[in-house]
Amino acid sequence: MDAIDRNILRTLEHDGRISNINLASQVGLSASASLRRVQELERTGYIKGYRAVLDRSRMGGEITVFVMVGLSAHLSKDARSFEATMEAAEEVRECHNITGSVEYLLRVEVESLERYKRFHADTLGTLPQVASITSHISLGSSKDMRA
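Residues numbered from 1 in each chain as written. Predicted model: local features only at pLDDT ≥ 70, side-chain atom pairs only at ≥ 80, totals over all residues. Heavy atoms only, no water.

K.L.:
Any chance you could explain the overall build of the protein here in plain terms?
P.N.:
A tally of helices and strands in the protein yields five helices and four strands. For the protein, the sequential pattern of α-helices and β-strands runs α-α-α-β-α-β-β-α-β. Compactness check: the protein gives a C-alpha radius of gyration of 20 Å against a globular reference of 15 Å for 147 residues, more than 25% above the reference. Overall, the C-alpha framework of the protein stretches about 55 × 35 × 25 Å when taken along its three principal axes. The buried share of the protein, reckoned over its 147 residues, is 31%. For the protein, long-range pairs separated by at least 24 residues make up 62% of all intrachain contacts whose partners lie at least 6 apart in sequence. Total accessible area on the protein stands at roughly 9900 Å², and carbon and sulfur atoms take up 50% of it. The protein carries 19 positive and 20 negative side-chain charges, and their two centres are separated by 4 Å. (Helix = DSSP H or I, 4+ residues; strand = E, 2+ residues; numbered from the N terminus. Rg over C-alpha atoms; globule rule 2.2 N^0.38 Å. Buried < 20%, exposed > 50% of the residue type's maximum accessible area, 1.4 Å probe, protein only. Contact = heavy atoms within 4.5 Å. Areas by Shrake-Rupley, 256 points an atom, 1.4 Å probe, with all protein chains shown as cover. Lys, Arg positive; Asp, Glu negative; His and termini not counted. Charge placed at Lys NZ, Arg CZ, Asp CG, Glu CD.)

K.L.:
Just to check I follow, could you spell out the packing of helix H2 (residues 20-27) against helix H3 (residues 31-43) for this structure?
P.N.:
Describing two packed helices takes the angle between their axes plus the distance from one axis to the other. Two elements in contact, H2 and H3, have axes separated by 8 Å at closest approach and are oriented at 95°. One finds that H2 runs roughly perpendicular with respect to H3. Seen from H2, the contacting residues are Asn 20, Ile 21, Leu 23 and Ala 24; seen from H3, they are Ala 31, Ser 34, Leu 35 and Val 38. Class assignment of the residues belonging to the contact of H2 with H3 gives a composition of six nonpolar, two polar and no charged. (Axes fitted to C-alpha atoms, helices over the stretch in contact; angles between N-to-C directions. Parallel < 35°, antiparallel > 145°, perpendicular 65-115°, else oblique. Nonpolar A, V, L, I, M, F, W, Y, C, P; charged D, E, K, R; others polar.)

Below, the structure written as structure tokens:
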């Protein structure tokens, strides 16, 4: 990993649809050298994939809730069970195992407060390993670099 590779990664993170010719020009390489480097960054796992950034507000996902979840037990089986349930829940866009006073931080996107209430009660509220749930509703995001 050198400065050119880091520059390629920064450029692709900002614009994953940039053409190889434009990428090469921006990082100071020939098109073939740029392509070889990108392919190597993909092969070695520095680039995990490419995706479209969707406008969730246009699709009915207007409310973002950050949810802190504390587990009642700290056994591996409890964590795995919780993570499997979050993986299957379409409302959960991200699930992070964190340090601190709780074990998990979720980013949940729903179309309404009623829909979040149902997720809270019918999904989180039914899991025996969940001891605490703290919800924080986002009022807006001044910076969001997720792709």
